[in-house]
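Below are the chains, spelled out letter by letter.
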Amino acid sequence: MAVDGSLVGRVFPPTRPYRATEEKVREFAAASGVDWESGDPVPATFPIVLAFDAMNAFLDEVGVELSRIVHGEQKFSYARPIVPGDVLAASLSVATLRQIGGNDIIGTVSEITDETGAVVCTTSATLVHRAAEVA
């Protein structure tokens, strides 16, 4: 079943607040193969933690199985660096949707905001929702 085209432009509710503690940054850095120490800049890809939560909530709400998703592309654009102690949330919107060969190509944008509501980082992703196998 194809993803409904009326989703384009829809903004989904923000994720619950997430405190970017030094411990969480260190865990992320270690899992990413980065040697991170207190005082170092937070790894540039750290917002994926929030963007992934927002994407999973979006997929659940629209009834798309994660097992049929191929992650095509991810970009990060920063308004300011993330620092330990920031309390962040992500709001995902569907920017584009097209069908190719029975697959849905979904373009999403997630705004990562701090506790004041200021945008810290914007992430964009391309998701390929593979067509269901025909028996």
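Every value quoted in this text rests on a predicted model; they were computed, and no experiment measured them.

Some thoughts on the overall build of the protein chain
Secondary structure assignment for the protein chain yields 2 helices and 5 strands. Mapped from its N terminus to its C terminus, the protein chain presents α and β elements in the order β-α-α-β-β-β-β. Its C-alpha atoms give the protein chain principal-axis dimensions of roughly 55 × 30 × 20 Å. When the 135 residues of the protein chain are sorted by exposure, 36% land in the buried category. Sequence separation of at least 24 residues holds for 66% of the intrachain contacts in the protein chain that already meet a minimum separation of 6. Of the roughly 7600 Å² of accessible surface on the protein chain, 54% is carried by carbon and sulfur atoms. Side-chain charges in the protein chain split into 10 positive and 18 negative, and the spacing between the mean points of these groups amounts to 3 Å.

What to know about the pattern of salt bridges
Under the defined criterion, the tally for this structure stands at 4 salt bridges. The salt bridge partner of Glu61 is Arg10, with a shortest N-O separation of 2.3 Å. A residue pair is termed long-range when its members are at least 10 positions apart, and Glu61 in helix α2 (residues 48-62) and Arg10 in the segment before β1 (18-19) qualify at 51 residues. Here Arg10 falls in the partly exposed class, since its relative accessible area comes to 34%. Measuring nitrogen to oxygen at the nearest pair gives 3.9 Å for the salt bridge that ties Lys24 to Glu27. On the criterion of helical spacing, the pair formed by Lys24 and Glu27 is a turn pair, its members being 3 residues apart in helix α1 (residues 22-31). For Lys24, a relative accessible area of 36% translates into the label partly exposed. Where salt bridges share partners, they join Arg80, Asp86 and Asp114 into one cluster.

A word on the pairing of strand β5 (residues 119-129)
In the sheet, strand β2 (residues 69-78) pairs with β5 via 9 bridges, with the strands oriented antiparallel. Across the sheet, residue Lys75 finds its bridge partner in β5, namely Ser124. By the bridge criterion, 10 bridges tie strand β4 (residues 103-113) to β5 in an arrangement that is antiparallel. Across the sheet, the residue bridging to Ile106 is Leu127, located in β5. The antiparallel pairing of β4 with β5 creates a hairpin that spans 5 residues between the two strands, and Gly117 there sits at a positive phi of about 95°.

Comments concerning the packing of aromatic side chains
In total, this model carries 3 aromatic pairs according to the counting rule given. Ring geometry for Phe12 against Phe58: centres 5.1 Å apart, planes inclined by 70°, an arrangement best described as edge-to-face. Of the two residues, Phe12 is situated in the segment before β1 and Phe58 in helix α2; the sequence distance between them amounts to 46 residues. Comparing Phe12 with Phe58 shows no difference in burial state: the two are buried. Put simply, the rings of Tyr18, Phe28 and Phe46 touch in pairs and so form one group of aromatic residues.

Here we look at the nonpolar core
Judged by nonpolar contacts, the single largest core of 30 residues is most densely connected at Phe46, Phe58, Ile82, Leu88, Leu92, Val94 and Ile106. Elements with a contribution of two residues or more to this core: α1, α2, β3 (87-100), β4 and β5. Here Ile106 is in contact with Val3, Phe58, Val94, Thr96, Leu97, Ala125, Thr126, Leu127 and His129, once residues within four sequence places are set aside.

Parameters and conventions
Each chain has its residues counted from 1, running along the sequence as written. In keeping with the predicted nature of the model, local features appear solely for residues at pLDDT of at least 70, side-chain atom pairs appear and are counted solely at 80 or more, and the whole-chain, interface and lining totals rest on all residues. Hydrogen atoms and water are omitted, and side-chain values are computed over all heavy atoms in the structure. A run of DSSP states H or I qualifies as a helix once it reaches four residues; a run of E qualifies as a strand once it reaches two. Both are numbered from the N-terminal end. Exposure classes here rest on a 1.4 Å probe applied to the protein chains alone. A residue is buried below 20% of its type maximum, exposed above 50%, and partly exposed in between. The contact criterion used is simple: two residues touch if any of their non-hydrogen atoms lie within 4.5 Å. The method behind every accessible area is Shrake-Rupley, applied with a 1.4 Å probe, and residues are considered shielded solely by the protein chains displayed. Counted as positive: Lys and Arg. Counted as negative: Asp and Glu, with His and the chain ends omitted from the count. To locate a charge, the coordinates of NZ of Lys, CZ of Arg, CG of Asp or CD of Glu are taken. Here, a salt bridge means any side-chain nitrogen of Lys or Arg that lies within 4 Å of a carboxyl oxygen of Asp or Glu. Any two strands are treated as partners once DSSP identifies two or more bridges connecting them. Only Phe, Tyr and Trp rings are paired, with Trp represented by its six-membered ring, and only when their centres lie within 6.5 Å; those with planes under 30 degrees apart are stacked, over 60 edge-to-face, the remainder tilted. Only buried Ala, Val, Leu, Ile, Met, Phe, Trp, Tyr and Cys residues count toward a nonpolar core, and they belong to the same one when joined by side-chain atoms within 4.5 Å.

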